[in-house]
Amino acid sequence: MSYNYDQCVQSIQEHRRRAYANASDTTTADAAVVAITTSTPDLEALQQSMDEFAALSKHCPMTPLLWMQYAHDTEVLMEGLMMLESPSAEGGSEQQQLQQRLQQMQAKKIALESSTGILELALAEFPGCALFHLYYLESLADYVYQCEGLRQLNGECGAVGMEVDDRQATLDRLSAAFEIAWQSVGRGTHVNEGMIVSEIYRLHGSFLLFRLSSVVAELKTGAADVGMKSESEINTMLQQLSTLFQKWSKTPMGEGSNDEMMQDLEYLWDEACSLLLSLYDGEQEKLKRKQDLEAQKVTLWANIDGERKKTSSLMNILSSHENEVDVAMSNEGIALPKWSLFPHQPDVKMGDLNDSNIGRHAQSLKRISSKWNQILLGDEVRFLVGLGGSETSRAFLKSASILQAVLQCTYQDKAKKGNVVDSGHSPLEDHVATYKYSLISSMYERALSECPTVESLWVSYMDFLRGEWIRLRNETRKPQTQQQQELHFQQQQEDLSSALQSTSHRAIRNCPYSSSLFEIRMTTLGLTSMSNLEPDDITAVTQEATELGFLDNNRGAMLHLRLVAILVVKRRLLGLVSLQTTATVNGPGKDYDAFEEMGSFNRKKSTNG
């Protein structure tokens, strides 16, 4: 290898141990839970670890845990450096103390901007990691909290706070992050990581409550005209909360992960109703609104109960496959410590600052740092560090292959029966039919977060994506495909093209020694680039394989890659010729391997004369 990965990681960990040595306790009385105290970490050692992180990222991709540590250290370092420049207000006037609180929140906000930016880059590398999504969402929610605190404190100081547009953009950013998380980890591919998925649901519920409380507060203060808040918007936000509840009830999670689900739903609903009822002064209006809300709850809870029963049957099916993954991960020593992952936080304060004026729903968004210290500062963590091997990857591949088999049956069934609804399907068949190939992609992405260096996993994933891309291309080319269906298929095909190119690039970054993945990278470019393929793009792949140096001693592999490059370019040239020579006034031309119906013709009968 052209770099020593283990040595780089060991150097990072040594600097981090030194950085946090004086700022943390070693254990609590009952568990190895690192707890940050009020002491400041060694910023010089932390800067050295940051330099090592930067050097490592230039040579190779980092694992999910390294990304999380990188983001955490960036946040701590930036906040520490900014607070060093801030004069102490201890013993000062009330105004000076208020100014220092402002500086603290401003420092935290800026630090969180940097750390969340790093985490967004990391999620592009490992979108299937549930723990990653939770840490990012909690960090982004904390950013919202800091912004809200600054807005409130600026108001006390008479300064200008966040503009309405800036605040709305921040809220929209967190809303979008939740949607991405549900697409990645909320569809039943993380059954035995249900405790993490449940944490995401609780945080999402708290965020919706905060947004509702903000709308109610503006209506009460007469500032509703700023955002044109109305009764319809209140109902829309209540509908979002109801939708979240139903999504929660439909998500399969492992045993014990959702024991407190109904308690959480009751709390969130009661809080939302309390906020809405606070808008009414008249007893009659309040009573009528309360009765309407109770009726909504009865209907909603009945739907939730029905969905939970369906989900329970699906969970039993999925758990049998998930348990095999758990056993494999345990055998390789990389199992997630599910029930001790997040230590119990007794009577945790919402923060060191005076939060009494910020609002309790905003305070619920503040990240509790000590919750993550065991994961981010512990030395014995072995999960999410790229140690998944053949046994774990085989277990994941087995789960993915089962889902793929069900998906193929779904396609065949649809081809025979069209869009006729068949109620005789199993819960798993219905679930796969709902999410289709995105469900299987989520399973592969989860596997790659634990086994990023297993070549066979990347090859299998790429083969699956390519198969789906070709299927959609063929569906689009069928003469009987309606225009609306064609547009839908084309959009899906574009999404898959993006996923194929991204995945092939990540595969090479994680397995630069694999000639098979370089070959797949080139054929993928040829497949998805259509008529705009540049030969230089293919040349760049072979050049990358040469420059990385992992295949220098395998001349046969390098020769094969160059032959593949020639074939890919040749195919594209044939396609361009075919597109031009088959074009007509009625439509564009066809690729040389495109589906084309043969016209019927009658042979002239010969006569004996």
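The structure we're discussing is the one just above.
Please read all numbers here as calculations on a predicted model, not as lab measurements.

Engineer: What am I meant to see in the overall build of the protein here?
Structural biologist: For the protein, the helix and strand inventory stands at 20 helices and zero strands. Taken across its 609 residues, the protein has 47% of its residues classed as buried. Entry remark: accessible area of the protein is about 30800 Å², with carbon and sulfur atoms responsible for 50%.

Engineer: How should the side chain of Q69 be read in this particular structure?
Structural biologist: Tracing the backbone through its elements, the reader meets Q69 in helix α3 (residues 64-84). Q69 sits in the buried class, given a relative accessible area of 2%. Ignoring anything within four residues of it in the chain, the contact list for Q69 reads Q13, R16, F53, I375 and L376.

Engineer: Help me out: how do you make sense of the nonpolar core in this one?
Structural biologist: In globular proteins that are soluble, nonpolar side chains generally tend to be buried together. Formed by 97 residues in total, the largest nonpolar core has its most connected members in L131, F132, F245, W372 and I375. When sequence neighbours within four positions are dropped, the list of residues in contact with L131 reads M68, I196, L341, F342, W372, I375, F383 and L384. Counting 42 residues, the second-largest nonpolar core is a separate cluster that includes Y437, A447, V454 and L517.

Engineer: Please clarify how a nonpolar patch on the surface should be interpreted in this entry.
Structural biologist: On the surface, L559, L563 and I566 cluster together into a nonpolar patch covering about 310 Å² of accessible area. I566 gets classed as exposed once you look at its relative accessible area, which sits at 55%.

Engineer: Can you walk me through the environment of E138 in this structure?
Structural biologist: Mapping E138 onto the fold places it in helix α5 (residues 130-157). By relative accessible area, E138 is classed as buried at 8%. With 230 residues separating them along the chain, E138 and I368 place their C-alpha atoms 8.7 Å apart. Those residues within four positions of E138 in sequence are excluded, and the remaining contacts are E199, L203, L365, R367, K371 and W372. At 2.5 Å, the side chain of E138 and the side chain of K371 are in polar contact. Here W372 takes part through its side chain, which lies 2.8 Å from a polar atom of the side chain of E138.

Engineer: What exactly am I supposed to notice about the packing of helix α8 (residues 231-250) against helix α9 (residues 261-277) here?
Structural biologist: Packed helices, taken two at a time, are described by the angle between their axes plus the distance between the axes. For the pair α8 and α9, the least separation of the axes is 11 Å and the interaxial angle reads 175°. With respect to α9, the element α8 is oriented roughly antiparallel. On α9, the residues touching I234, L238, L241, S242, F245, W248 and S249 of α8 are M261, D264, L265, L268, W269, A272 and L276. Here the residues of the contact of α8 with α9 are counted per class, giving 11 nonpolar, two polar and one charged.

Engineer: Explain the pattern of salt bridges to me, please; I cannot follow it from the model alone.
Structural biologist: Opposite charge on two side chains lets them pair, provided their charged atoms get close. Evaluation of the coordinates by the stated rule reveals 24 salt bridges. For K109, the salt bridge identified is with E113, shortest N-O distance 3.1 Å. Of the two residues, K109 and E113 both sit in helix α4 (residues 94-125), four residues apart, roughly one turn of that helix. Residue E113 is classed as partly exposed on the basis of its relative accessible area of 35%. Residue K371 is joined to E199 by a salt bridge in which the shortest nitrogen-to-oxygen separation is 2.8 Å. Taken together, the residues K371 in helix α12 (residues 370-377) and E199 in helix α7 (residues 194-221) connect sequence positions 172 residues apart. On the basis of relative accessibility, which here comes to 10%, the residue K371 falls in the buried class. Among the residues examined, E199 registers a relative accessible area of 23% and is labelled partly exposed. Residues participating in the shared-partner salt-bridge network are E138, E199, R202, D264 and K371.

Engineer: Explain unusual backbone geometry here, please?
Structural biologist: Most peptide bonds are trans, and most residues other than glycine sit at a negative phi. In this model, L384 sits at a positive phi of 60°, which is unusual for a non-glycine residue. Located in the positive-phi region is K436, a residue other than glycine, with phi close to 55°. Mapped onto the elements, K436 comes out in the loop between α14 (427-435) and α15 (437-450). Looking at K436, the relative accessible area reads 30%, which means it is partly exposed.

Engineer: Can you help me understand the packing of aromatic side chains in this one?
Structural biologist: Aromatic ring pairs are described here by two measures, namely the spacing of the ring centres and the angle between the planes. Overall, the coordinates contain 11 aromatic pairs when judged by the stated rule. For the pair Y201 and W248, a centre-to-centre distance of 5.0 Å together with 5° between the ring planes defines the contact as stacked. Residue Y201 is located in helix α7, and its partner W248 is located in helix α8; the two are separated by 47 residues in the primary sequence. The same class applies to Y201 and to W248, which are both buried. Members of the aromatic cluster, joined through ring pairs, are F53, W67 and Y70. Lying across the ring of W301, K297 places its NZ or CZ 5.2 Å from the centre. The ring centre of Y411 lies 3.9 Å from the NZ or CZ of R471, which sits over that ring.

Rules behind the numbers
- Residues numbered from 1 in each chain as written.
- Predicted model: local features only at pLDDT ≥ 70, side-chain atom pairs only at ≥ 80, totals over all residues.
- Heavy atoms only, no water.
- Helix = DSSP H or I, 4+ residues; strand = E, 2+ residues; numbered from the N terminus.
- Buried < 20%, exposed > 50% of the residue type's maximum accessible area, 1.4 Å probe, protein only.
- Areas by Shrake-Rupley, 256 points an atom, 1.4 Å probe, with all protein chains shown as cover.
- Contact = heavy atoms within 4.5 Å.
- Core = buried A, V, L, I, M, F, W, Y, C linked by side-chain atoms within 4.5 Å.
- Patch = residues over 30% accessible without salt bridge, like charges linked within 9 Å, V, L, I, M, F, W, Y side chains within 5 Å.
- Salt bridge = Lys/Arg side-chain N within 4 Å of Asp/Glu carboxyl O.
- Polar contact = N/O pair within 3.5 Å; in protein donor to acceptor, adjacent residues only side chain to side chain.
- Axes fitted to C-alpha atoms, helices over the stretch in contact; angles between N-to-C directions.
- Parallel < 35°, antiparallel > 145°, perpendicular 65-115°, else oblique.
- Nonpolar A, V, L, I, M, F, W, Y, C, P; charged D, E, K, R; others polar.
- Phe/Tyr/Trp six-rings, centres within 6.5 Å; stacked < 30°, edge-to-face > 60°.
- Lys NZ or Arg CZ within 6 Å of the ring centre and 35° of its normal.

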